[in-house]
Each structure stands twice: as structure tokens, then as C-alpha cells.
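Geometric and topological summary
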Amino acid sequence: MIRDERIPADQLRRIDEEIRSDWPTGDEVDFEEAIRYHESLPDRKRFADVLESADKPLLQPRAGVPRLEDQIELLEYLHGEGKADLLPTTIDSYTRDNEYEKAQEGLENARETGEDTLNGFPAVNHGVEGCRKLIEAIDAPIEVRHGTPDARLLAAITFAGGFQSFEGGPISYNIPYTKRHGLEETIERWQFVDRLAGAYTERGVRINREPFGPLTGTLVPPSIAIAIMLIEGQLAATQGVRSITLGYGQVGNVVQDVAALNALQKLGDEFLPDEVVVTTVFHEWMGGFPPDEARANGVIGLGGMTAAIAQPDKVITKSPQEFQGVPTKEANAAGLRTTRQVIDMAIEQNIDIDGIQEEQDLIERETRCLMDTVLEHGDGDVVQGTLKAFESGALDVPFAPSDSARGAVLPARDDDGRVRIFEWGDLAMDDDIKEIHKARLSRRADTEGRDQSFRMVADDVDAISDGKLIGRPQ
Ligand SMILES: CC[C@H]1O[C@@H](n2cnc3c(N)ncnc32)[C@H](O)[C@@H]1O
């Protein structure tokens, strides 16, 4: 039975041996040699230090293309023209599914034809050597961004390759991303990733870990997202990770988003061990975008405004081409500059909005209910508690494609556009909190002259791409 316990050294070694054979580049990994490589990197490339020493929100886009030279050119452009403070390397979908053979074909095809059929950088195929060329070429810290339920080989290779930040986690890269991986399997496999990050950390190379806060990216109630961040942060801390960035996806109501970011930092500091440096990252709207680029820039600007008020440590920016999919480098850089413009204009203003503290108190109370139920389900063990709480539905994620979550919870926006819950399923929540949600949703029902129903959810899902926040009836 797996528990929230540090995996022993012999198990770390056994798994390391096991995964190396999954692709030839696995044999390039040599831990002691990799430590020396990291020690050779200049301070400005040390991700955790740069992130944790900043005095205002740092901006980071998503970006990944198959060929190494193109990835270098892309990141140089985003750093130069986009003024990104931190850079990504977004990994392709085949690699995320451990389909290294298909990723190899895609990479060779790109090299032969110049046609990019892969939707990201196949880091396992590039290997330690290829990753290091990228790290050498770019004069800023770079994070591995992906969506991999079994990220063990990707971590071993990219850590050895000089990356010092790694996104994801056993819940946040399972529930929203996959049907076929069980939660127990992904928790066990991410314990390896975190133990490896911890092993680097113990040798002075702090690997930053960033659980994926947005989850399904569609109307996720803030307390559910924050509870999952606290769980993944705890699991990483147990394995020795000491730099943890907890994430949160913008829902679009400024009061609720600022309150959620405040609660995320406060609860992260409270729930995670004192030896962990806890930072926060705000993801600009992860739901459907307007096809019109001017409107899309409006969504991005609202994200910048929210970040200026809440001041998270990091902001993951979007591009005006979000509706179309993977953006051009120009559009990606534009999203960075739009965000920067709004932050720089608003951050020196003392913007005091009524209701933030009240909403933050509510979000904190909700999150504590969820954390209490996890600890009760597991008799104090977070791994067993998480597994059992998801099984019983006491913990749940709306619209989750994964069988590991009931998906019985249904959110809808209230009359102010804040995300509330109108179908609770078996989510563990105090009755008086349920009454608060019910009252706020019925105020919207009155305004719209209709009953609270799934119709509201469906209308809300498309509202922002249709240019609004709340899915009012036509
Ligand atoms: C989590 C989904 C987000 O990741 C973005 N994304 C996925 N792959 C790439 C990519 N290769 N380059 C830039 N952005 C990307 C996508 O546009 C969406 O905003």
C-alpha cells in the first residue's frame, strides 16, 4: 500500500535502471556528472533562485517546437522580443504519452521536410546532450512544461540536461489529462520524479516543482484547485523538494481570482513544511478564447490586471491566437507584452476592492473542508487519503475525463461571475457553505428569470469566447 513516505534509495536506483531502457537516450543520464553540470551553470540560469528573488510577478509563456535549432530561436525571440523573464520548453503530446518511437518519427520528419507535425519539443529523443545545447544557448532559466502521467524518464533526462523546473503532478497531470492511468499508479510514479528532484536538491541543485493548478481549465472552483495544489505540494515536499510553485487558473472574476491567489499563498505556507519555499503562479484564462484577436487581448489584459493586484510570483501568459491553437512566436511575444503593459501600469496603483477578504475567507474555509476530508480518509496519510477521498467523491473535479474522479460536481457562475457549485455530488463541504453558494446562484437565477440548471453551466463554458463572462440567456 503506497503512503506519503520518502521512497528509499534502493527503490530510486531500481526505478532509474528500469526507465533508462525505455529509450536509448536514457543511458546518457549520469547523476554525479549531472550535478557537476548544474554547478557549472551561472546564477541567472538557476530557476528557483531567479523566481524566488524577484520583487514583482515574472512572466513566462508556453513554447515548444520539435527541432533543437528552432526551439533555441523561438526561446531567444520570446526572451528578446517578448521580454519573458522565465522560459518554457513545452513537450509534445507523443512524449507525454511515452510514445518515444512516434516522437522520433515526428522529429526526423521535421528535420527532413521542415514540417512540424509534433506539437512540442521531444526532450527524451533530444536526450541529455540536446537539452544541454538548449540550456547553453538561452540566457534565462527554462522550465519543462508538459502533461505527462508517467514523467519518470522525461524528468531523468531533462534534469540531467540542465533544466531546474518541472511542471505537473500525479493528480493534476492525471485527472484532466488521461483516462487510462489510475491515480495510485501516477502517485507512485510521481513520487519517483519528486524523489529525483529531491536528490538533486540535497546536492545543492534546487529543482523547482510546479503542480498544474488549472486542472481541467474550465470553471474549476478555486477551493478544489487549491486543495489539489496543497496535496501535490505535500507529496513533493515529502520526497525532498524544497522549491514549490503552486498554481491557479484565472476564472475571470477579479475579486475571486485575487482572493484565490491570496488563499493559495497563505494555505501553501501553512500546509507545506517550513523548509519549503512556496511561490505561486497565475495562469491566464485557460478556457475557450474569443477568435477575434482584439477580444483575446482583452482577456489577456484582464489577466494582467488581476496579477497586478494579487502579485503572484509568476504569470503564465496566453497569446491573442489562443483560439487558433499553438501561436506564432510573434503572437506569443505579443501576449507577453500585453500582460506586461497592464501589470506595469497597474502594479503601482493601490487598488483596494471590497469583498476580496470575504471571498478569501470563504475559499480558505472550503479548502480546509477538503483537506480535512483527505486527512480523515487516510488516517493522516495524504496518499491514502487522496485515493480514498476521490473514490468516495469527497474530493472531486468537475468535467474530469479521468475515471479517477467522479466528475459529479457541477460549477456555475453566480450573478457576479464568481464560480460557485450547484451540484455538489459527494464533495465534503460544510452545509452552511453550500447554503452560501445556493443563495448566490439563486440570485443569478432571479436576475435571469430561470431556474438554476445545467443550462447555466453550458452557457458559462462558452461565455468568454463569446465575449462575456457570465452565460446570460439570449
Ligand atoms: C495547456 C494548454 C495551453 O498550452 C498551449 N500550448 C500547447 N502546446 C504549445 C506549444 N508547443 N507552444 C506554445 N503553446 C502551447 C496551448 O496554446 C494552450 O494555451
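Since this is a predicted model, take the numbers as computed values, not measurements. (Residues numbered from 1 in each chain as written. Predicted model: local features only at pLDDT ≥ 70, side-chain atom pairs only at ≥ 80, totals over all residues. Heavy atoms only, no water.)

Turning our eyes to something else, we now look at the overall build of the protein. A count of helices and strands for the protein gives 17 helices and ten strands. Dimensions of the protein, computed from C-alpha atoms along their principal axes, come out at roughly 65 × 50 × 40 Å. Sorting the 474 residues of the protein into buried and exposed places 62% on the buried side. Summarising the internal contacts of the protein: among those between residues at least 6 apart in sequence, 75% fall at separations of at least 24. When the accessible surface of the protein is summed, it comes to about 17400 Å², and 46% of that surface belongs to carbon and sulfur atoms. Of the side chains in the protein, 51 bear a positive and 88 a negative charge, and the two mean positions are spaced by 1 Å. (Helix = DSSP H or I, 4+ residues; strand = E, 2+ residues; numbered from the N terminus. Buried < 20%, exposed > 50% of the residue type's maximum accessible area, 1.4 Å probe, protein only. Contact = heavy atoms within 4.5 Å. Areas by Shrake-Rupley, 256 points an atom, 1.4 Å probe, with all protein chains shown as cover. Lys, Arg positive; Asp, Glu negative; His and termini not counted. Charge placed at Lys NZ, Arg CZ, Asp CG, Glu CD.)

Because each turn of an α-helix spans 3.6 residues, side chains separated by three or four positions in sequence point in the same direction. For helix H15 (residues 382–392), the buried fraction is high: eight of the eleven residues fall into the buried class. Listed in full, the buried residues belonging to H15 are Val382, Val383, Gln384, Gly385, Thr386, Leu387, Ala389 and Phe390. Contact partners of the buried residues in H15: helix H9 (183–202), helix H10 (222–238) and helix H14 (356–377). The N-capping residue of H15, defined by a side-chain oxygen 3.1 Å from the backbone nitrogen of Val383, is Asp381. Where H15 terminates, the next one or two residues include Gly393, which has phi positive at roughly 90 degrees. (Polar contact = N/O pair within 3.5 Å; in protein donor to acceptor, adjacent residues only side chain to side chain.)

Scanning the entire structure with this criterion turns up ten aromatic pairs. Plain terms: the ring middles of Phe159 and Phe166 are 5.3 Å apart, the flat faces sit at 80 degrees to each other, and that makes the pair edge-to-face. When sorted by exposure, Phe159 lands in the same class as Phe166, which is buried. Taking 5.9 Å as the distance between ring centres and 75 degrees as the angle between the ring planes, the aromatic pair formed by Tyr173 and Trp190 counts as edge-to-face. (Phe/Tyr/Trp six-rings, centres within 6.5 Å; stacked < 30°, edge-to-face > 60°.)

Here we take up the pattern of salt bridges. All told, the structure shown has 52 salt bridges when counted by the stated rule. With its nearest N and O atoms 3.6 Å apart, the salt bridge here joins Arg46 to Asp49. Judged by relative accessible area, which is 14%, Arg46 ranks as buried. Of the charged contacts, one joins Arg206 and Asp49 as a salt bridge, the two residues approaching to 2.9 Å between their closest N and O atoms. (Salt bridge = Lys/Arg side-chain N within 4 Å of Asp/Glu carboxyl O.)

Our focus in this paragraph is the site of the ligand. Near the ligand the following residues occur: Arg62, Ala63, Gly64, Thr90, Asn119, Met286, Lys318, Glu322, Gly325, Val326 and Pro327. Between the ligand and the protein, one listed contact pairs an oxygen atom with a side-chain N or O atom of Lys318 at 3.2 Å. One of the side-chain N or O atoms of Glu322 is found 2.8 Å from an oxygen atom in the ligand. The fraction of the free accessible surface of the ligand (420 Å²) that becomes covered by protein chains is 80%. Here the ligand occupies the largest pocket. (Near = heavy atom within 4 Å. 1 Å grid on protein atoms, 1.4 Å probe; cavity = no way out; pocket = protein on both sides within 12 Å on 5 of 7 lines; lining within 4 Å. Sits in = over half its atoms within 2 Å of the grid points.)

Under the defined criterion, the tally for this structure stands at three cavities of 30 Å³ or more. The space that makes up the largest cavity amounts to roughly 70 Å³. Considering the residues around the largest cavity, the lining is formed by 13 residues, among which Pro214, Gly217, Val220, Gly249 and Gln250 are closest to the centre. When the residues that make up the lining of the largest cavity are grouped by side-chain class, the tally is eight nonpolar, five polar and no charged. (Points joined across faces, edges and corners; volume = space filled by probe spheres on them. Nonpolar A, V, L, I, M, F, W, Y, C, P; charged D, E, K, R; others polar.)

Tracing the sequence through the fold places Leu302 in helix H12 (residues 293–310). Its relative accessible area of 33% is what places Leu302 among the partly exposed residues. Put simply, Leu302 and Gln250 are 52 residues apart on the chain and 9.6 Å apart in space, counted from C-alpha to C-alpha. Not counting residues within four places of it along the chain, the set of residues in contact with Leu302 comprises Gln250, Gly252 and Val254.

It is a probe the size of a water molecule, rolled over the atoms, that shows where empty space is left. If you add up the space inside the largest pocket, you get close to 850 Å³. If you trace the largest pocket, you find 33 residues lining it, with Arg62, Thr90, Glu322, Val326 and Pro327 closest to the centre. Of all the secondary-structure elements, those providing two or more residues to the lining of the largest pocket are helix H4 (68–80), helix H5 (93–96) and helix H13 (329–346). The element best represented in the lining of the largest pocket is H4, accounting for three residues. Volume-wise, the second largest pocket comes out at about 230 Å³. Lining the second largest pocket are 13 residues; nearest its centre among them are Leu12, Arg13, Asp16, Phe31 and Leu196. Only helix H1 (9–20) and H9 provide two or more residues apiece to the lining of the second largest pocket. For the lining of the second largest pocket, the leading source of residues is H1, giving six residues. Residue composition of the lining of the second largest pocket, grouped by class: nine nonpolar, no polar and four charged.

Before going further, it helps to examine a negative patch on the surface. Negative charge collects at one region of the surface, where Glu101, Glu105, Glu108 and Glu112 lie side by side. In this structure, Glu105 sits in helix H6 (residues 100–113). (Patch = residues over 30% accessible without salt bridge, like charges linked within 9 Å, V, L, I, M, F, W, Y side chains within 5 Å.)

Its place among the elements puts Ala63 in the loop between strand E1 (58–60) and H4. The spacing of Ala63 and His146 is 83 residues in sequence and 10 Å in space, taken between C-alpha atoms. Apart from residues no more than four positions distant in its own chain, Ala63 is found in contact with Gln71, Leu74, Leu75, Leu78, Pro88, Thr89, Thr90 and Asn332.

Moving on, we come to the nonpolar core. In summary, soluble globular proteins display a tendency toward joint burial of nonpolar side chains. Counting 126 residues, the largest nonpolar core has Leu134, Phe159, Phe166, Tyr200 and Phe390 as the members making the most contacts within it. Looking at this core, the element that brings in the most residues is H10, giving eleven residues. Grouped together as the second largest cluster of nonpolar side chains are seven residues, Phe422, Leu441, Ala445 and Met456 included. (Core = buried A, V, L, I, M, F, W, Y, C linked by side-chain atoms within 4.5 Å.)

Everything listed here is a matter of coordinates, which is why it stays silent on function.
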